[in-house]
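Given next are the chains, with one letter for each unit.
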Amino acid sequence: MTFIELAKKRCSVRSFTKDPVDPALLAVILEAGRVAPTAANSQSQRIVIIDEKEDLRMLSEFAQIYGAPLALLICADHDATWKRSFDGFDTGAIDTAVVMTHMMLAAADVGLGAVWVDYFKPDKVKALFHLPSAWHPFHVLAIGIPNVPLKSPDRHAPLRLPLDKTVFRVKDFRK
Ligand SMILES: Cc1cc2nc3c(=O)[nH]c(=O)nc-3n(C[C@H](O)[C@H](O)[C@H](O)COP(=O)(O)O)c2cc1C
């Protein structure tokens, strides 16, 4: 499968079987996150594996994880994030998003379903799992075996904007 085939095949999966995720497949997903680029190679991502029933139940009180048997909580360690020298801009949210993207695509590549979840209360989740104070949970990746047919790789034609709505040339703004 070429990269563009994988990118088109990947879709959000929001229904999972109860089966646990094969640890070998989880290892592939984590490795994809490990090699992701981060600002100045800061590698500020801190990933918490949540796969025990009670932990998943507690997490699902604050985050919609669609009954997934595995959730990865992706945090940025603000003691490790790169901060832009002239204005303090902190790349933690971006680093973790890049890591998320690598892992989400890896999940699709190994035949698992996953959905990126940002609709949760970071402070509640941080307290729930007693995370270090410098860690900020930015994203949850809910992963499992899909319990629904996967969306078509051809769905993007109607569901994504055409390129001319999102891509421009400098001359488009020239007065
Ligand atoms: C930054 C980001 C945040 C998202 N947050 C949520 C979320 O909280 N809950 C959810 O069900 N899906 C969430 N999604 C999934 C998007 O809704 C989904 O990727 C988008 O609708 C396109 O559908 P597709 O992934 O099937 O191609 C999120 C995706 C991204 C990239």
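## Let's talk about the sheet that holds strand E1 (residues 45-50)
The strand order across the open sheet built from four strands is E1-E2-E4-E3, with neighbouring strands paired in antiparallel fashion. Edge strands, defined here as strands with exactly one partner in the open sheet, are E1 and strand E3 (113-117). The sheet shows a mean angle of 25° between the axes of neighbouring strands, direction not considered. Alignment of E3 against strand E4 (residues 135-144), held across five bridges, turns out to be antiparallel. Bridge assignment links alanine 114 to a residue of E4, and that residue is isoleucine 143.

## Remarks on the nonpolar core
Ranked by internal contacts, the top residues of the largest apolar core, which has 36 residues, are Ala71, Val140, Leu141, Ala142 and Ile143. Of all the secondary structure elements, the ones that give two or more residues to this core are helix H2 (23-34), strand E2 (70-77), helix H4 (92-109), E3 and E4. In contact with leucine 141, other than residues within four places in its own chain, are Ala71, Leu72, Ile74, Met100, Met103, Met104, Ala114 and Trp116.

Criteria and cut-off values
Residues numbered from 1 in each chain as written. Predicted model: local features only at pLDDT ≥ 70, side-chain atom pairs only at ≥ 80, totals over all residues. Pairing = 2+ DSSP bridges. Helix = DSSP H or I, 4+ residues; strand = E, 2+ residues; numbered from the N terminus. Axes fitted to C-alpha atoms, helices over the stretch in contact; angles between N-to-C directions. Core = buried A, V, L, I, M, F, W, Y, C linked by C-beta atoms within 7 Å. Buried ≥ 20, exposed ≤ 12 C-beta atoms within 10 Å, placed from the backbone. Contact = placed C-beta atoms within 7 Å.

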